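# Commentary on secondary and tertiary structure
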Amino acid sequence: MTRMILLYCLVFLWPTESYRTLWQVTRESKENVSARPQGKCDGVCKKHNSPCFQPCPPDEEGRMEFLCRKNKWHKVIDTCRTLSVYNIFENIVNIVSSQSLGENIKINQYAGRPETITEILMQQCPEDLSCVINGIRQSPRIPGNIAMIVELLHNISTEQKSHVDEAKMQSYSVMANHILNSRSISNWTFIPEKNSSGVLLHSINSFASKLSINKHPIDILDAFIHIKGTTISGANSDNNFTFSMKVNDTGHQVIGNVLIGRDELWKLSSSSPVISIAFPTLGAILEASLFENSVNVNGLVLSVILPKELKNISLTFEKINKSEEKQTRCVGWHSLESRWDQKACQLVQENSEQVVCKCEPNRFFTSFSILMSPHGMDSQILTYITYIGLGISICSLVLCLFIEALVWRQVTKTEISYLRHLCIVNVAVTLLMADVWFIVGSFFGGPMTHHNGCVAATFFVHFFYLSVFFWMLAKALLILYGILIVFHTLPKSVLVASLFLVGYGGPLAIAVITVAATEPGQGYLRPEVCWLNWDKTKALLAFVVPAFTIVVVNLTTVALVIFKTQQVTTGSSMFQEVRAIVRICKNIAILTPLLGLTWGFGIAIVVDDSSLAFHIIFSLLNAFQGFFILVFGTILDPKIREALTCRVTSTKWISRLSENTSSDLSRHPTKGPS
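The following paragraphs examine the structure supplied in this document. What you see is a predicted model, and the numbers here were worked out from it, not measured in a lab.

Basis of the calculations
- Residues numbered from 1 in each chain as written.
- Predicted model: local features only at pLDDT ≥ 70, side-chain atom pairs only at ≥ 80, totals over all residues.
- Heavy atoms only, no water.
- Salt bridge = Lys/Arg side-chain N within 4 Å of Asp/Glu carboxyl O.
- Helix = DSSP H or I, 4+ residues; strand = E, 2+ residues; numbered from the N terminus.
- Buried < 20%, exposed > 50% of the residue type's maximum accessible area, 1.4 Å probe, protein only.
- Phe/Tyr/Trp six-rings, centres within 6.5 Å; stacked < 30°, edge-to-face > 60°.
- Lys NZ or Arg CZ within 6 Å of the ring centre and 35° of its normal.
- Pairing = 2+ DSSP bridges.
- Polar contact = N/O pair within 3.5 Å; in protein donor to acceptor, adjacent residues only side chain to side chain.
- Axes fitted to C-alpha atoms, helices over the stretch in contact; angles between N-to-C directions.
- Parallel < 35°, antiparallel > 145°, perpendicular 65-115°, else oblique.
- Contact = heavy atoms within 4.5 Å.
- Nonpolar A, V, L, I, M, F, W, Y, C, P; charged D, E, K, R; others polar.
- Core = buried A, V, L, I, M, F, W, Y, C linked by side-chain atoms within 4.5 Å.

## A closer look at the pattern of salt bridges
For the structure on display, the rule yields seven salt bridges. The partner of R81 in a salt bridge is E61, and the shortest N-O contact between them spans 3.0 Å. Here the residue R81 occupies a position in the loop between β3 (72–78) and α2 (85–88), and E61 occupies one in the loop between β1 (51–55) and β2 (63–69), the gap between them amounting to 20 residues. When the shortest N-O distance is used, the salt bridge between K322 and E318 registers 3.4 Å. Given the relative accessible area of 26%, K322 is considered partly exposed. You can call E318 buried: its relative accessible area is 15%. Through salt bridges with shared partners, a single ionic network connects E337, R339 and D341.

Put into structure tokens, the structure is as follows:
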């Protein structure tokens, strides 16, 4: 009998002892790690973007990553967490004791994984999920814990196939509320998976869509998430949900309203459930984690789960920031692409206090809000300067191409002249196409209205603006070829092919690589305009770096030409070719700084977007680039002016000859046969 009792104790107490032993070992290992410094990097920060890794504080697992920026260490990733199987469940000793030896080994090995927690959760309290509530509530809202809870909520939503009751929804809401707390917003920025906030939103909406609503409406209120549900039918005159929630720690309440009109309700053939969820802090969390504060959500985020028959709803958002100077947009959250999209909504009415939007929910769009421009730079003067300047630029470029076509035979008699004018024509063509695509992109109204069209417009604007610089580089390479190497050593066809390869091949490769590398992660476009992103992926560097590199190369080439041409005497055999090269050099010396200066102010706008002066200067220089090319590339060229003069003179001579011939015929008419 004693042996039986001893065997019983060994079987049922060994898992508990193993758990305690493992816990002690884990604590000891953490204490050893904690002897190293936490929370900062002690090394000298010199090299830009050089990494530094540090351990987490005591009793936390994971690590922190820092990057060197502007001679200071900045934390970019934090995976520190305290949650695991051993502290998230209330009765962990009983749970471990009830498992088999193999299952205990699995728990010990994968204690920190959300999948393990989900598996145990669904075994221990599948009815109401209450066995993890206290563990989650007591956990600190550090990045690693937030990421674990997000994945846990996602797993629960995936595991739950149907029929969520109110108790289970209440527990789910409590877990989500913990990480939606306004004090946790800054910690979302350090989670390695940047789309965690989008995953959380999708998981909550998916779980709530399975909520069973019987006779009585459901109203689950937490500080940072409010869930309402009811049943509606065609007999209702209308139906609405009104939310009033705090958006920060000041106690200020912001109101949101969901209205389903009578004209929609009549489409219902039977009683159907409707659920709406309000989030006061999720907009700021999405900003911090996904958009790096480049997009400002200016109201509650409202999720709406409707019957398939209903296609339109009216949403009223009270503004958090009631500034009238900043532009407001009604948007829906695209659940697959993890971005705000303006196609889902349209603005119906706006005043200083609130905005009314008409939105179309579907399987991609179930959450809606309003966005505010992060900067108040929406000046009409910039619009007028841009479009008037672009009109002048396009007309100038068309005139430039017309003049080149008119005098082409006269000015391309030598090989160097032919290649030079080939470059000028392609500079004009590429800038003309860039201006046209810039206008096309402006009609799309930004990525949130027509995302795919905006991607296409940005790609071609990027490609053609780069081509302008690369054709200027081709002119510089042509000069170097003429100065450093003897002309005519290569066939003209080879030189032409080389120029086209430089002028179009380089820009095409850069533009394709940029869109391929950044668009899958939604980092290709800026949030409000059809142009390369800066805040999230620094995609704009794919234009800036090549452009300014070419400016430096071209100016260096000009300096080299000045030095080399001083060594050529007037009577030498190369004198005529050197004169042609000098004309190209003058063209480069004027246009390259102008183009470089233009985009220098473009970078200044990115750094200081609030400066109206930088905006105006950039708009003026950018819009009149075509005019500069017409003047400095064509009209001021003495050979072109000479060819135009000859053309005009010959036209006048032909006109006079025609007049004289016609007058002679009138004086001496031809007699017919008698």
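The structure having been displayed, the exposition proceeds.
## Considerations on the packing of aromatic side chains
In the structure shown here, the tally under the stated rule is 13 aromatic pairs. For the pair W333 and W340, a centre-to-centre distance of 5.1 Å together with 75° between the ring planes defines the contact as edge-to-face. Judged by its relative accessible area of 3%, W340 is buried. Members of the aromatic cluster, connected to one another through ring pairs, are W437, F459, F460, F463, F464, W471, F500 and Y504. Sitting above the plane of the F190 ring, K75 keeps its charged end 4.7 Å from the centroid.

## Looking at unusual backbone geometry
Backbone geometry places H163, a non-glycine residue, at a positive phi of 55°. Tracing the sequence through the fold places H163 in the loop between α7 (143–159) and α8 (166–179). Residue classification places H163 among the exposed positions, given a relative accessible area of 65%. Even without being glycine, K538 reaches a positive phi, approximately 60°. As for its position among the elements, K538 is in the loop between α15 (492–518) and α16 (541–565).

## Some words on the pairing of strand β15 (residues 354–359)
A regular strand carries its side chains on alternate faces of the sheet. By the bridge criterion, six bridges tie strand β11 (residues 313–318) to β15 in an arrangement that is antiparallel. When the sheet's bridge partners are listed, E318 is paired in β15 with Q354. Pairing analysis gives five bridges linking strand β14 (residues 345–350) to β15, with the strands arranged antiparallel. Note that in β15 the partner of Q346 across the bridge is K358.

## A closer look at the side chain of E287
Take E287: it is sitting in helix α11 (residues 282–291). Looking at E287, its side chain comes within polar contact range of the main-chain nitrogen of V297, at 2.7 Å.

## Topic: the packing of helix α13 (residues 415–444) against helix α19 (residues 625–635)
One way to put it is that α13 packs onto α19 with a least axis distance of 10 Å and a crossing angle of 170°. By the angle class used here, α13 and α19 are roughly antiparallel. Facing α13, whose interface residues are I424, V427 and L431, α19 presents Q625, G626, I629, G633 and T634. Considered class by class, the residues forming the contact of α13 with α19 number four nonpolar, four polar and no charged.

## Observations regarding the pairing of strand β4 (residues 218–221)
Burial of the side chains of β4 is restricted to one face: I218 and I220 are buried, whereas none of D219 and L221 on the reverse face is. Turn length for the β4-strand β5 (residues 226–232) hairpin, with the two strands adjacent in sequence and antiparallel, is four residues.

## Some details on the nonpolar core
Looking at soluble globular proteins, one finds that nonpolar side chains tend to be buried together. Core analysis: the largest hydrophobic core is formed by 58 residues, its most contacted members being F89, L121, M169, M175, L180 and F279. Residues C423, V427, A539 and L630 belong to the second largest nonpolar core, which totals 54 residues.

## What about the sheet that holds β3?
Pairing is antiparallel in the open sheet, where three strands are placed in the order β1-β2-β3. Two strands lie at the open edges of the sheet, namely β1 and β3, each paired on one side alone. Strand after strand, the sheet turns through a mean of 35° between neighbouring axes, direction not considered. By the bridge criterion, five bridges tie β1 to β2 in an arrangement that is antiparallel. When the sheet's bridge partners are listed, Q54 is paired in β2 with M64.

## Quick word on the sheet that holds β11
Pairing within the open sheet is antiparallel, and its five strands lie in the order β6-β7-β11-β15-β14. Each edge of the open sheet is held by one strand with a lone partner, namely β6 (239–246) and β14. Put simply, the sheet's adjacent strands are angled 20° from each other on average, direction ignored. In this sheet, β11 lies alongside strand β7 (residues 253–260) in antiparallel orientation, the contact comprising four bridges. In the strand pairing of β11, N257 is matched with T316.

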